[in-house]
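Coordinate inspection notes
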Amino acid sequence: MQPLSFYPAGAEIYAQGEKAGGFYQVEFGAVRVYRLLADGRRQISAFHLAGETFGFEADTTHHFFAEAVNSTGVRVFRPTAGADMSHQLLPLALKGLTRAQEHLLVLGRQSAIERVAAFLVDLSERQGGLRQVELPMSRMDIGDYLGLTIETVSRIFTRLKDKGVIRLLSLRSIEIVRHDALHAMSE
């Protein structure tokens, strides 16, 4: 088994432009993958939770930054020379591609409330379909992922709470009260 590396909140796992050569699996915590835009804004392309794999590259250079959202443990897997890992990596890469394509549809075709609803439904499913959803990321992170401002994300959380769709248990935890309504908003 690969050794576990620990990263405190905000710590860089790898940087855009660094040499790539392996892939990463989140053991606990959460990772955000992002790029800084020319105007200084940040666009988060993905969040990875416990059990998920990230860091695949088509060449030898990382094209994005990856950093710990909160206290995070990550295992780095570096294939040995000549090892054929295609049967293990292909399903993981295809799952990542599907998630990226779905994210593009959310960004390109949905209103702000639909984006947040889709995000919460996805996060719930990735956490085992539980009613209580942990939000390791901040409202600003969610906005940078969904192409929204922090104020818009906060307003939508309040609107969903006022409609009885979610309950805000804490800043980083919600309960989905009406899953059917949230799911309907996300489509």
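Residues numbered from 1 in each chain as written. Predicted model: local features only at pLDDT ≥ 70, side-chain atom pairs only at ≥ 80, totals over all residues. Heavy atoms only, no water.

**What about the sheet that holds strand β8 (residues 72-77)?**
With antiparallel pairing, the 4 strands of this open sheet are ordered in space as β1-β8-β3-β6. Only two strands of the sheet have a single partner each, and these edge strands are β1 (4-7) and β6 (53-54). (Pairing = 2+ DSSP bridges. Helix = DSSP H or I, 4+ residues; strand = E, 2+ residues; numbered from the N terminus.)

**Details of the environment of threonine 61**
The residue threonine 61 is located in the loop between β6 and β7 (65-68) in this model. You can call threonine 61 partly exposed: its relative accessible area is 29%. For the pair formed by threonine 61 and glutamine 16, sequence separation is 45 residues and the distance between their alpha carbons is 7.6 Å. Once residues lying within four places of it in the same chain are set aside, the contact partners of threonine 61 are Gly17, Glu18 and Ala20. (Buried < 20%, exposed > 50% of the residue type's maximum accessible area, 1.4 Å probe, protein only. Contact = heavy atoms within 4.5 Å.)

**Brief notes about the confidence of the model for the protein chain**
For the protein chain, the average pLDDT comes to 88, and 88% of its residues sit at 70 or higher. Per-element confidence in the protein chain ranges from a low mean pLDDT of 68 for helix α1 (residues 86-109) to a high of 97 for β7. (pLDDT = per-residue confidence, 0-100.)

**Some words on the packing of helix α2 (residues 112-126) against helix α3 (residues 139-146)**
If you want to describe how two helices pack, look at the angle between their axes and the distance between the axes. Here α2 crosses α3 at 110 degrees, and the two axes come no closer than 11 Å. The pairing of α2 with α3 is recorded here as roughly perpendicular in orientation. α3 is crossed by α2, and the crossing has right-handed handedness. On α3, the residues touching Arg115, Val116 and Phe119 of α2 are Ile142, Tyr145 and Leu146. Taken together, the residues that form the contact of α2 with α3 break down as 5 nonpolar, no polar and 1 charged. (Axes fitted to C-alpha atoms, helices over the stretch in contact; angles between N-to-C directions. Parallel < 35°, antiparallel > 145°, perpendicular 65-115°, else oblique. Left-handed = near helix turned anticlockwise from the far one by under 90°. Nonpolar A, V, L, I, M, F, W, Y, C, P; charged D, E, K, R; others polar.)

**What to know about the packing of α3 against helix α4 (residues 150-162)**
Interhelical geometry of α3 versus α4 gives an angle of 105 degrees and a closest axis separation of 8 Å. In this view, α3 runs roughly perpendicular relative to α4, as classed from their interaxial angle. Here α3 contributes Arg139, Met140, Ile142 and Gly143 to the contact with α4, which in turn contributes Ile150, Val153, Ser154 and Phe157. Split by residue class, the contact of α3 with α4 holds 5 nonpolar, 2 polar and 1 charged.

**Examining a positive patch on the surface**
Together, Arg155, Arg159, Lys163 and Arg178 give the surface a local cluster of positive charge. Note that arginine 178 resides in the loop between β11 (173-176) and α5 (179-185). (Patch = residues over 30% accessible without salt bridge, like charges linked within 9 Å, V, L, I, M, F, W, Y side chains within 5 Å. Areas by Shrake-Rupley, 256 points an atom, 1.4 Å probe, with all protein chains shown as cover. Salt bridge = Lys/Arg side-chain N within 4 Å of Asp/Glu carboxyl O. Lys, Arg positive; Asp, Glu negative; His and termini not counted. Charge placed at Lys NZ, Arg CZ, Asp CG, Glu CD.)

**As for the sheet that holds strand β10 (residues 166-170)**
Sheet strands pair via backbone hydrogen bonds, and the direction of the pair is either parallel or antiparallel. One open sheet accounts for 3 strands, arranged β9-β11-β10; its pairing is antiparallel. Across the chains shown, the open sheet's two edge strands, defined by having one partner strand only, are β9 (132-134) and β10. When the angles between neighbouring strand axes are averaged without regard to direction, this sheet yields 25 degrees. Sitting on the sheet, α4 touches β10 and β11, and the angle it makes with β10 is about 120 degrees.

**Points about α2**
Between its terminal C-alpha atoms α2 stretches 21 Å, which fits the 21 Å expected from 15 residues at 1.5 Å a residue. Within α2, 11 of the 15 residues are buried, leaving the element largely enclosed by the surrounding structure. Among all positions in α2, only Ile113, Arg115, Val116, Ala117, Ala118, Phe119, Leu120, Val121, Leu123, Ser124 and Arg126 are buried. Following α2 by one or two positions, glycine 128 has its phi on the positive side, about 95 degrees. (Expected span 1.5 Å × (residues − 1).)

**Some words on the side chain of histidine 48**
In this structure, histidine 48 sits in strand β5 (residues 42-49). Residue class for histidine 48 comes out buried when judged on its relative accessible area of 11%. Discounting chain neighbours no more than four positions away, the residues touching histidine 48 are Val26, Gly29, Ala30, Val31, Val33, Thr53, Phe54 and Arg126.

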